[in-house]
Amino acid sequence: PAIHFLGPVMFQQHLQPIEPKLLRWLNEMIEVNGTLIYISLGSIGVLTSEQSTKLIDAFRILIDQSTQSSSPTYVLWARGNTLKT
């Protein structure tokens, strides 16, 4: 699959193991030939409420449009110490 890294890259030895629930979700996404958009602003990235809303609205449009194709789009957004799908 095509993977594009934007910004700093974490080295494998610093990564925490993927939680089983998240790993199952990722594997299901692969099975349906989905596209994943991963967003992480790091530990110092801060968005205003308006910026967050605009991003969420844009992701919803992408997701809605992808439901009409054979390749659904998924968004995984790391916010602080949590991952939201």
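Residues numbered from 1 in each chain as written. Predicted model: local features only at pLDDT ≥ 70, side-chain atom pairs only at ≥ 80, totals over all residues. Heavy atoms only, no water.

Caption draft 1: Structural detail: the overall build of the protein chain. For the protein chain, the count of helices and strands is two helices and three strands. Seen in sequence order, the protein chain has helices and strands lined up from the N terminus as α-β-α-β-β. Within the protein chain, buried positions represent 15% of all 85 residues. Pairs at least 24 residues apart make up 60% of the contacts formed inside the protein chain by residues separated by at least 6 positions. Summed over its atoms, the accessible surface of the protein chain is roughly 7,400 Å², and 58% of this surface lies on carbon and sulfur atoms. (Helix = DSSP H or I, 4+ residues; strand = E, 2+ residues; numbered from the N terminus. Buried < 20%, exposed > 50% of the residue type's maximum accessible area, 1.4 Å probe, protein only. Contact = heavy atoms within 4.5 Å. Areas by Shrake-Rupley, 256 points an atom, 1.4 Å probe, with all protein chains shown as cover.)

Caption draft 2: Expanded view of the pattern of salt bridges. Under the definition given, this model contains one salt bridge. For Glu-50, the salt bridge goes to Lys-54, with nearest N and O atoms at 3.4 Å. Taken together, the residues span about one helical turn, with Glu-50 and Lys-54 both in helix H2 (residues 49–66) at a distance of four residues. Residues Glu-50 and Lys-54 agree in their burial class; the two are exposed. (Salt bridge = Lys/Arg side-chain N within 4 Å of Asp/Glu carboxyl O.)

Caption draft 3: Molecular detail of the side chain of Thr-73. With respect to the helices and strands, Thr-73 occurs in strand S2 (residues 73–79). Taking the relative accessible area as the measure of exposure, Thr-73 reaches 14% and is therefore buried. Filtering out sequence-adjacent residues up to four positions away, Thr-73 remains in contact with Thr-35, Ile-37, Leu-62, Ile-63 and Ser-66.

Caption draft 4: Quick peek at the packing of aromatic side chains. Throughout the structure, instances matching the rule amount to two aromatic pairs. Summarising the aromatic geometry, the rings of Trp-25 and Tyr-74 are spaced 5.6 Å apart at their centres and angled 85° between planes, so their arrangement reads as edge-to-face. Separated by 49 residues along the polypeptide, Trp-25 in helix H1 (residues 20–31) and Tyr-74 in strand S2 bring together distant segments of the chain. Judged by centre distance (6.0 Å) and plane angle (85°), the ring pair of Phe-59 and Trp-77 falls under edge-to-face. Of this pair, Phe-59 sits in helix H2 while Trp-77 sits in strand S2; the two residues are 18 residues apart in sequence, bridging distant segments of the chain. For Trp-77, a relative accessible area of 7% corresponds to the buried category. (Phe/Tyr/Trp six-rings, centres within 6.5 Å; stacked < 30°, edge-to-face > 60°.)

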